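Geometric and topological summary
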Amino acid sequence: MKLAVIGTGYVGLVTGTCFSDLGNDVTCIDVNQAKVEGLKQGIIPIYEPGLSELVLRNHEEGRLSFTTSVAEAVPDADVVYIAVGTPQSDSGAADLSAVWKVVEDIAPHLREDAVVVVKSTVPVGTNGKVFDLLQKLTGRECHVASNPEFLKEGSAIDDFMYPDRVVCGVRNKKSEEILRQLHAPLLRTAKPILFMSPESSELTKYAANAMLATKISFINEIANLSEKVGADINDVRIGMGHDQRIGFQFLFPGLGYGGSCFPKDVRALTSLSETLDLEPRIMRAVDEVNVHQRSSLVRKIDAHYKGDVAGKTFGVWGLAFKPKTDDIREAPALDLLQYLIEKGAKIMVHDPEAMENIRAMFGDKINKYCENVLEAVEGVDCLAINTEWNEYRTPDFKQLKAKMKEAVIFDGRNLFDLEILEQAGFTYYSVGRRPVKADRS
Ligand SMILES: NC(=O)c1ccc[n+]([C@@H]2O[C@H](COP(=O)([O-])OP(=O)(O)OC[C@H]3O[C@@H](n4cnc5c(N)ncnc54)[C@H](O)[C@@H]3O)[C@@H](O)[C@H]2O)c1
Ligand SMILES: O=c1ccn([C@@H]2O[C@H](COP(=O)(O)OP(=O)(O)O[C@H]3O[C@H](CO)[C@@H](O)[C@H](O)[C@H]3O)[C@@H](O)[C@H]2O)c(=O)[nH]1
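As a starting point, this report considers the structure included with it. Note that this is a predicted model, so its numbers are computed, not measured.

Conventions we followed
- Residues numbered from 1 in each chain as written.
- Chains lettered and ligands numbered in written order.
- Predicted model: local features only at pLDDT ≥ 70, side-chain atom pairs only at ≥ 80, totals over all residues.
- Helix = DSSP H or I, 4+ residues; strand = E, 2+ residues; numbered from the N terminus.
- Rg over C-alpha atoms; globule rule 2.2 N^0.38 Å.
- Buried ≥ 20, exposed ≤ 12 C-beta atoms within 10 Å, placed from the backbone.
- Near = placed C-beta within 6 Å.
- Nonpolar A, V, L, I, M, F, W, Y, C, P; charged D, E, K, R; others polar.
- Domains from an automatic or database assignment.
- Pairing = 2+ DSSP bridges.
- Contact = placed C-beta atoms within 7 Å.
- Axes fitted to C-alpha atoms, helices over the stretch in contact; angles between N-to-C directions.

Thoughts on the overall build of the protein
Within the protein one finds 17 helices and 14 strands. Here the C-alpha radius of gyration of the protein, 24 Å, is about what a compact globule of 441 residues would show, namely 22 Å. C-alpha extents for the protein along the principal axes are approximately 75 × 50 × 40 Å. Among the 441 residues that make up the protein, the fraction classed as buried is 47%.

Here it is, written out as structure tokens:
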């Protein structure tokens, strides 16, 4: 099939690339000229494991191309995917301005039998509005479907290629057939493609994210309780997870959920419910717990230093909102860096992929951007950990202690064993577990 995929961000680029890898002829379109020029030359604008190789191969083999011009790609397309951003607006609702812009741009170029598929995460009812707007602009009933995306950054290619399920919201057989055909190669392992109304499909996406966010806020609340009552959240988590009705996934306590999806999607769902005169009590609580949790590392640092961190040097490991991505949108590290900068601390940071994004935001307010992990702890008063990259998990604690001025670690991801840190002579604060206090600190 011929596909036009509009928006070449984390979702659009992965979607376009994976569909091209499955043998389709795909053109990816973006308004960002620099991004498109880069992609044409094989420069991938984001870090996502496996993506670069896949883009280059499919581009070289002629199945994947890039343009800024809707007029170039849409007239030939059997399917037009909309994968532009839908960020949070000031009111908390999703900002759909990019979606409306795309609909206006594509309307004059759409083939009569083309199927327009909304992949962006959009509030319930948006698909119907896209259908109405296209009808107004083209003077005919267009094929408009919903096909929300469930990929996670850091494992986006695998999530796309081996989905747990594909959800499609359709209003006619034509859209159903096209989407079934397009996804057939992804569903050979008997994973389902589910057809439903566009409204149900749109709500499925928000409900799934909200459920996952709820699990995270729940475990963070229990973690905070664990700290107060002398329990260990790791034991509690494992004890709970063995109950098959509960399971282990998305029950890791930490610094609250970040990224470009959960925070905005929980708020968009809250906002949608409020506009319909409902009381989204669970969603409000999930958000409130998360906002509180995001400052948990800062509160521990503040308590340890009694509010006085001015002039102290902090090593910071992990800046991305999660491992295996360069994405810093809503990353808990941003809150920590902001606090340290305001308080006049010195900061040395390390992240395998996200340092350039942090440099663009903080510049020389950060004292040193370190190329390797140990450089970031040279002579520091303490180490703070925001992201659970694998390379942080098994340091040589003797070497670490020798490099640090003071052996103090604030760990937002529970990377280390309490007994090992105790024996190594560290003061160690983690999440939902007892603090370890070294004798001399
Ligand atoms: N990032 C994820 O992990 C993820 C996963 C599932 C769903 N989603 C949803 O998918 C959508 C896209 O998310 P993302 O993370 O890829 O966003 P992104 O910000 O990384 O990318 C959006 C892209 O759209 C482009 N764009 C904006 N307006 C345009 C226009 N009028 N024409 C052409 N291009 C335009 C931007 O230049 C940008 O490159 C959002 O609705 C998001 O909620 C994201
Ligand atoms: O047990 C856990 C799992 C995750 N997180 C945090 O939750 C956030 C989101 O993580 P994750 O879900 O792995 O990454 P995303 O790329 O944001 O993916 C989510 O958001 C996407 C956008 O809608 C959806 O497509 C995915 O299904 C959904 O998992 C991150 O800050 C994680 O640190 C935890 O704190 N504890």
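Things to note about the site of ligand 2
Taken together, 21 residues lie near ligand 2, and Glu153, Phe252, Tyr257, Gly259 and Cys261 sit nearest. Contributions of two or more residues to the shell around ligand 2 are made by helix H9 (198-229) and helix H11 (262-275). For the shell around ligand 2, the element with the highest residue contribution is H9, accounting for 3 residues. A class-by-class count of the residues in the shell around ligand 2 yields 11 nonpolar, 5 polar and 5 charged. Each of two domains, domain 1 (2-196) and domain 2 (206-294), supplies a minimum of three residues to the shell around ligand 2.

Topic: the sheet that holds strand S10 (residues 346-350)
Here 6 strands make up an open sheet; going across it, the order is S11-S10-S9-S12-S13-S14 and the pairing parallel. Looking at strand neighbours, the two that pair on one side only are strand S11 (368-369) and strand S14 (427-429), the edges of this open sheet. For strand S13 (residues 408-411) and S14, the ladder comprises 3 bridges, and the chain directions are parallel. Bridging across to S14, Val408 finds its partner in Thr427. Strands in contact with helix H14 (residues 332-343) are strand S9 (313-317), S10 and strand S12 (382-385); relative to S9, the strand with the most contacts, it is inclined by about 170°.

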